[in-house]
Number of protein chains: 2
Amino acid sequence: MKIVILGGVAAGAKAAAKARRLLPDANIDLYTDDTHISYSACGLPYYIEGNFEDYRLLLVRSPEDFEKKNVHIHLKSRAMKIIPEAKQVLIQDLNTQRAYLVDYDKLIIAIGARPIIPKIKNVNLPNIFTLRKIEDGIAIKEKALKSKHATIVGAGYIGMEILEALVKQNLKVTIVEYAPYVMTIFDEDMSRLIEEQLNSINDGRFQILTSELVTEFSGDMNGVHTVRTGTGKEFSTDFVVLCAGVTPNVDIAKDAGIDIGLTGAIKVNEKMETNITDIYACGDCVEEHLVVSDTKIWMPLGSNANKEGRTAAINACGGDDRFIGVLGSAVTRCLNLTMSMTGLTEKRAAALGYKPVSVTVTKNDKVGYMPNVNNITLKLTADYETGKILGAQAVGAGDADKRINSLAAALLAGMTVEEFYNNDFTYAPPFSPTIDPLLNAAQILMSKVKQKD
Amino acid sequence: MKIVILGGVAAGAKAAAKARRLLPDANIDLYTDDTHISYSACGLPYYIEGNFEDYRLLLVRSPEDFEKKNVHIHLKSRAMKIIPEAKQVLIQDLNTQRAYLVDYDKLIIAIGARPIIPKIKNVNLPNIFTLRKIEDGIAIKEKALKSKHATIVGAGYIGMEILEALVKQNLKVTIVEYAPYVMTIFDEDMSRLIEEQLNSINDGRFQILTSELVTEFSGDMNGVHTVRTGTGKEFSTDFVVLCAGVTPNVDIAKDAGIDIGLTGAIKVNEKMETNITDIYACGDCVEEHLVVSDTKIWMPLGSNANKEGRTAAINACGGDDRFIGVLGSAVTRCLNLTMSMTGLTEKRAAALGYKPVSVTVTKNDKVGYMPNVNNITLKLTADYETGKILGAQAVGAGDADKRINSLAAALLAGMTVEEFYNNDFTYAPPFSPTIDPLLNAAQILMSKVKQKD
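Predicted, not measured: the structure shown is a model, and the values here were computed from it. (Residues numbered from 1 in each chain as written. Chains lettered and ligands numbered in written order. Predicted model: local features only at pLDDT ≥ 70, side-chain atom pairs only at ≥ 80, totals over all residues. Heavy atoms only, no water.)

Next up on the list: the environment of A:Ala312. Residues and elements named next belong to chain A. With respect to the secondary-structure elements, Ala312 resides in helix α8 (residues 302-316). Using a relative accessible area of 0% as the deciding quantity, one classes Ala312 as buried. Separated by 202 residues in the primary sequence, Ala312 and Ala110 have C-alpha atoms spaced 9.9 Å apart. Discounting chain neighbours no more than four positions away, the residues touching Ala312 are Ile108, Lys271, Met272, Tyr280 and Cys282. (Helix = DSSP H or I, 4+ residues; strand = E, 2+ residues; numbered from the N terminus. Buried < 20%, exposed > 50% of the residue type's maximum accessible area, 1.4 Å probe, protein only. Contact = heavy atoms within 4.5 Å.)

All names here are of chain A. Each domain of chain A was delimited in the assignment, giving domain 1 (2-40 + 59-113 + 247-316), domain 2 (128-244) and domain 3 (336-446). With eight residues of domain 1 at the interface, the matching set in domain 2 holds four residues. When the two sides are added together, the surface that domain 1 and domain 2 hide from each other amounts to roughly 530 Å², 45% of it contributed by carbon and sulfur. For Arg132, the salt bridge is made with Asp284, and the minimal N-O distance between the two is 2.7 Å. (Domains from an automatic or database assignment. Buried area = accessible area lost by both parts, 1.4 Å probe. Salt bridge = Lys/Arg side-chain N within 4 Å of Asp/Glu carboxyl O.)

Residues and elements named next belong to chain B. The interhelical angle for the contact between helix α1 (residues 11-22) and helix α8 (residues 302-316), taken along N-to-C directions, is 35°, at an axis separation of 7 Å. Regarding α1 and α8, the two cross each other, and that crossing is right-handed. Seen from α1, the contacting residues are Ala11, Lys14, Ala15, Lys18, Ala19 and Leu22; seen from α8, they are Ala305, Asn306, Gly309, Arg310, Ala313 and Ile314. Looking at the contact of α1 with α8 residue by residue, the class counts come to seven nonpolar, two polar and three charged. (Axes fitted to C-alpha atoms, helices over the stretch in contact; angles between N-to-C directions. Left-handed = near helix turned anticlockwise from the far one by under 90°. Nonpolar A, V, L, I, M, F, W, Y, C, P; charged D, E, K, R; others polar.)

Bringing the sheet that holds strand β4 (residues 77-83) of chain B into the picture now. All names here are of chain B. Spatially, three strands are ordered β4-β5-β6 in an open sheet, and the strand pairing comes out antiparallel. Two strands close off the open sheet at either side, each with one partner strand: β4 and β6 (99-103). Within this sheet the neighbouring strands show an average axis-to-axis angle of 30°, counted without direction. (Pairing = 2+ DSSP bridges.)

Every contact between the two is made by 61 residues of chain A and, on the other side, 61 residues of chain B. A combined buried area of about 5100 Å² lies between chain A and chain B, and 61% of that area is made up of carbon and sulfur atoms. Our enumeration of links across chain A and chain B arrives at zero salt bridges. The interface formed by chain A and chain B includes 20 residue pairs in polar contact (both at pLDDT 80 or more). Here the element with the most residues in the side of chain A that touches chain B is helix α10 (residues 400-412) of chain A; it accounts for 10 residues. Looking at the side of chain A that touches chain B, its residues break down into 31 nonpolar, 21 polar and nine charged. (Polar contact = N/O pair within 3.5 Å; in protein donor to acceptor, adjacent residues only side chain to side chain.)

It is worth spelling out the sheet that holds strand β22 (residues 337-343) of chain B at this point. Residues and elements named next belong to chain B. Strand order in the open sheet formed by five strands is β21-β22-β25-β24-β23, and the pairing between neighbours is antiparallel. Either end of the sheet is taken by a strand with one partner, and the two such strands are β21 (330-334) and β23 (356-364). When strand polarity is set aside, the average angle formed by the axes of neighbouring strands in this sheet is 10°. For β23 and strand β24 (residues 375-383), the ladder comprises nine bridges, and the chain directions are antiparallel. Looking at the pairing, Val359 lines up with Leu380 of β24.

Here's what the structure looks like:
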């Protein structure tokens, strides 16, 4: 039995480890164009921020750990082509540039995603970074420690995390977003609230520019020094981090005849099987099934990648495991602000044909007389016709995300807002108000959905 | 329409406010033997701890707030007898000792619970306190600020909260528990872990004595000065707080022919109706329906009292509202330790006839390289036969309780552990590990329940 795995960050490394445990005698080879495997890419912003000094803390398992268990790790080895009819993969050794063929019985594709490089003049100047791999994190941190001004292009999840990291490293930071508001994955009202709240804690160390398109960088062989926008703004910078989103790596899959979904990522079933026999895919290169709406979504997150890698390996090894999909849960932090969501936003729900009704409450996260009491703003969305909860968004200090997790469980169960209101959440003054904001929101929303006769 | 409410802390005050909104013209009278109404009794330990200086922050609404809305508040007015056949209540004015009769169309009983006074010799000496009312909190705080040594009798929820409060006020504290371990509402393994973890953060400021029965206090007219236990231990103390549990106030209800449940608290249906027409009951004097096992439980908590007061008022005012019951969710904190649970413990599940299987995992609460990473120990219990989740207990620093809330939602939905494993929780390094401890536990527990064919 010969198992070949392409890619080794989260899903690929998980698949390799799981396959090894299931089939102690199989040949397992993992090929990656990267210089590291099995690392927490999501931890890179916190490395840059200075939460820890040694980047090796991000490494979960080393190539040596794998070799000890007889899993062969091939670094700097890029998959160029898959030949399904012969069960072969063409690999290029990036040190020598020479290609060679390997055979597989089962192939697991876990080749991830890559940053989108926006079309900006001189985007290839030195000191214009993206953040995806360990080397990117090391380079950005090194540059940040010798710099005073930084520019971030794009105010989504990664942009927000880099903003926190660079502000904490005492840089002056400008974050530029093309859309009229930050964090556009949220509903507009929540995005505006995020911007307001960030500005309210801004002591002059950062600037958020929205509705601004970066059109041009200028600089010299020492690197970028100026940023220009479409409205004529011009400002100097020591370096730039492009956070304009990511796109799934699908080219070699597509070329091999593997189906790509409408989201642009590889299509798989619950067993992480592609349309081609004995080829599995998992991690950031595949799309997910969104349970709440029974539609597809692309959620390239480490948590999903881990589960998918596990399922792919179990099935590739002859077992039967299913990954039923995701609920769309996500969280990020920028300075003291937590932004979290699960399920559908109101705009996404409307786009999918639901008749969404929402309620937004702003409440204390604990009883008002306790120290460190903070606000949480919670937007809860349900379907008018059925009363079913469709999703929730939370913005605030502290553990806004954990309240979202209670709603995730409710989404998985297909609860109506009325059913959810019957929930019994832990209560003590240091942890929540007597009536949790979740129940406040549910109570109001109950009266906005269609009443049963 | 004449609505009479007996008791005014959480449920009674909530019922009065809700009834006023529903029926602007009804006569609403609230009688209480207390000197305050509408206050957060659960906040008293945090007042003693010094989290805030003015006890009035604990007051939600004042008698004047109510009078402004034409709700008549009668303080120091004790309900002595209910005469259902005449729809009258006998009230005693505690200032004059004189009794008088009032008529009602709808009666709402919200007379709460009282501390249990353990049978200890000289338990009536000065400076031996219980904590229930505002005056108790003021007296304990006043005494604590002038004292060096304190003794707490009983290591349950309230005992733990007082322990934190007094340690934070720089007292040397001895907490004495008759049972072989603290927090006996948890399973024994979790209770032992709580004791271990408390001892590990103990810098000499407190002492936990288990399997020790306090048998005698001695002192003089200035108050208690010595504590003696059954094993012959003797130590001096400046004051004592009795935290030996609470018992529901049911005497006048029982006397009036109102049914009392097996838990010892007043029996009500989902509408908070007692067995006698036009008499409702709510708050700490009533028992709750425990959804997960379809049995009764007595959970005297502010969160439940609020919901029950609301439901009682809606129905008393002619509406139709149901309180389907509780999940058994609770949380407390002692110093940096959070202790939380929902549903059934393993021992309680076994006592109810289930065949419980459990798994206990100890995991990081966030990714290991983040600052302030802490352990959470999570015990998840399911029914072997059906795979249904029965309950969970969590002990650890930080927001262990919010993870319990995700399980509460799962209990409400009646999920199996396999269904729960499909959950999708928010992930980012500052908030959780890639695979949340909840899912680690569920994954292991799945293999311990009866496998479907």
